[in-house]
Amino acid sequence: MPHIELTNDLPGISGLFAQRPDTAGVLSQVAETLLRSGSSPLSRGERELIAAYVSNLNCTEFCAGSHSAFAAAQLDGGAELVAAVLADPGTAPISPLLRALLAVAVEVQEKAAPVSDKAVAAARAEGATDAHIHDTVLIAAAFAMFNRYVNGLATEVPSDPAFYDVAAGLIVEHGYGAAR
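From a predicted model like this one, the values you see are computed outputs, not experimental measurements. (Residues numbered from 1 in each chain as written. Predicted model: local features only at pLDDT ≥ 70, side-chain atom pairs only at ≥ 80, totals over all residues. Heavy atoms only, no water.)

Caption draft 1: Here's a closer look at the packing of helix 3 (residues 44-57) against helix 8 (residues 130-152). At their nearest, the axes of helix 3 and helix 8 sit 9 Å apart, and the two run at 45 degrees to each other. Our classification of the angle between helix 3 and helix 8 gives oblique. Where helix 3 crosses over helix 8, the handedness of that crossing is right-handed. Only Thr136, Ile139, Ala140, Phe143, Ala144 and Asn147 of helix 8 make contact with helix 3, whose side of the interface consists of Arg47, Ile50, Ala51, Val54 and Ser55. (Axes fitted to C-alpha atoms, helices over the stretch in contact; angles between N-to-C directions. Helix = DSSP H or I, 4+ residues; strand = E, 2+ residues; numbered from the N terminus. Parallel < 35°, antiparallel > 145°, perpendicular 65-115°, else oblique. Left-handed = near helix turned anticlockwise from the far one by under 90°. Contact = heavy atoms within 4.5 Å.)

Here it is, written out as structure tokens:
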């Protein structure tokens, strides 16, 4: 049961956005920029995968489920690939670059401290540019905030897992403005 009274029955951040459209607009724009519209060397699917991975590590079921579906809808390999990454990025069939960037994301997720020189060097050895590293760190940091927002207010998880697939269709087609 959520810690605050919601006047809707929407799960996760969707319910919080419906409750507070003033903050929803700003937060939706952050997600839109980071995951869809901003110029990035990472594909939309890769950016969503980073969000899903961080959300999974943070034990945020709603965000992990949502962004896993959003990533699966945009990546070759779909849900099977996403599940493999969430289970173990070290053995998942992803590029060495993406594997190294997920290691950077882990360091951001684990603590508010500089990413290690070792992790950055490993990412650079796989071809990461400043933009790859910047975008990975920013997505991981933003999802630390989004996850804490959703978990901190004890939001509900959808009772029907199909919710995530429906949401994925909306996000992929219309972007995060559709989430408001």
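Caption draft 2: Structural view of unusual backbone geometry. Positive phi outside glycine occurs at cysteine 59, with the angle close to 55 degrees. By secondary structure assignment, the location of cysteine 59 is in the loop between helix 3 and helix 4 (61-72). Classification of cysteine 59 as exposed rests on a relative accessible area of 64%. A positive phi angle, near 50 degrees, is found at alanine 154, a position not held by glycine. Position of alanine 154 among the secondary structure elements: in the loop between helix 8 and helix 9 (162-174). (Buried < 20%, exposed > 50% of the residue type's maximum accessible area, 1.4 Å probe, protein only.)

Caption draft 3: Geometry of the pattern of salt bridges. According to the stated counting rule, one finds three salt bridges in the structure shown. With a shortest N-O distance of 2.7 Å, aspartate 22 and arginine 20 are connected by a salt bridge. For the salt bridge of arginine 124 with aspartate 130, the shortest nitrogen-to-oxygen distance reads 2.5 Å. Owing to a relative accessible area of 55%, aspartate 130 belongs among the exposed residues under this scheme. (Salt bridge = Lys/Arg side-chain N within 4 Å of Asp/Glu carboxyl O.)

Caption draft 4: Geometry of the side chain of histidine 132. Here histidine 132 is to be found in helix 8. By relative accessible area, histidine 132 is classed as buried at 8%. Excluding residues that lie within four positions of it along the chain, histidine 132 makes contacts with Pro41, Leu42, Leu97, Leu101 and Gly127.

Caption draft 5: Geometry of helix 9. Under the 1.5 Å per step criterion, the end-to-end length of helix 9 is 18 Å for 13 residues, consistent within 8% with the ideal 18 Å. Those residues of helix 9 that sit buried are Tyr164, Ala167, Ala168 and Ile171. End-on view of helix 9: buried residues confined to an arc of 110 degrees, all on one side of the axis. In this structure, helix 9 carries Asp165, Val166, Glu173 and His174 as exposed residues pointing more than 90 degrees from its buried face. (Expected span 1.5 Å × (residues − 1). Arc of directions from axis to C-beta.)

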